[in-house]
Amino acid sequence: MTQLDPHFILAWQVYGWHLAYNLHAESETPVDKRYYLDRGIRALERAVEANPDNWEMIHELGWTLFDRAHEM
């Protein structure tokens with residue numbers, strides 16, 4: 001969905017959330033946890049690049065880094 005419409009903010013938010021929170025939480029190994037957290041952060045960084053004037057994406061990335069950075 002984000003490839004079809006890179007300005008669809010909700011799609012980016014859900015995508016990043018599922019990677020950095022849901023899949024991360026369901027992972028059983030530290031390697032998998034790290035993988036999904038890293039992928040979630042990268043997805044949100046791509047969202048900010050695609051939508052540099054949108055404060056919601058900047059906030060989403062910042063919050064994820066603040067809330068999850070201690071796990072990296």
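So, here is what we can say about the structure in this document. (Residues numbered from 1 in each chain as written. Predicted model: local features only at pLDDT ≥ 70, side-chain atom pairs only at ≥ 80, totals over all residues. Heavy atoms only, no water.)

1. Considerations on the overall build of the protein
Each helix and strand counted, the protein has three helices and zero strands in total. When its helices and strands are written in sequence order, the protein yields α-α-α. A principal-axis box enclosing the C-alpha atoms of the protein has dimensions of 35 × 25 × 15 Å. Residue burial in the protein is summarised as follows: out of 72 residues, 36% are buried. Across the protein, every contact between residues at least 6 apart in sequence was considered, and the portion connecting residues at least 24 apart equals 53%. Carbon and sulfur atoms make up 58% of the accessible area of the protein, which amounts to about 4900 Å² in all. (Helix = DSSP H or I, 4+ residues; strand = E, 2+ residues; numbered from the N terminus. Buried < 20%, exposed > 50% of the residue type's maximum accessible area, 1.4 Å probe, protein only. Contact = heavy atoms within 4.5 Å. Areas by Shrake-Rupley, 256 points an atom, 1.4 Å probe, with all protein chains shown as cover.)

2. Here's the deal with the pattern of salt bridges
What the rule picks out here adds up to two salt bridges. For Arg39, the salt bridge is made with Asp38, and the minimal N-O distance between the two is 3.3 Å. For Arg39, a relative accessible area of 28% puts it in the partly exposed group. With a relative accessible area of 18%, Asp38 lands in the buried category. (Salt bridge = Lys/Arg side-chain N within 4 Å of Asp/Glu carboxyl O.)

3. Side note on the environment of Tyr15
With respect to the element layout, Tyr15 can be found in helix 1 (residues 9-26). Each C-alpha atom, one on Tyr15 and one on Thr2, is 8.7 Å from the other, the two residues being 13 residues apart in sequence. Sequence-distant contacts of Tyr15, defined by excluding residues within four places in its chain, comprise Ala43 and Arg46.

4. Brief notes about the nonpolar core
Core analysis: the biggest nonpolar cluster contains 11 residues, these being Ile9, Trp12, Ala20, Tyr21, Leu37, Ile41, Leu44, Ala47, Val48, Met57 and Leu61. The set of elements that each furnish at least two residues to this core consists of helix 1, helix 2 (30-50) and helix 3 (55-68). In terms of residue count, helix 2 provides more of this core than any other element does, five residues in total. Setting aside chain neighbours within four positions, we find Ala47 in contact with Trp12 and Met57. (Core = buried A, V, L, I, M, F, W, Y, C linked by side-chain atoms within 4.5 Å.)

5. Some thoughts on the packing of aromatic side chains
As enumerated under the stated definition, the model contains four aromatic pairs in all. Seen from their ring centres, Tyr35 and Tyr36 are 5.1 Å apart, and the 80° between their planes marks the pair as edge-to-face. (Phe/Tyr/Trp six-rings, centres within 6.5 Å; stacked < 30°, edge-to-face > 60°.)

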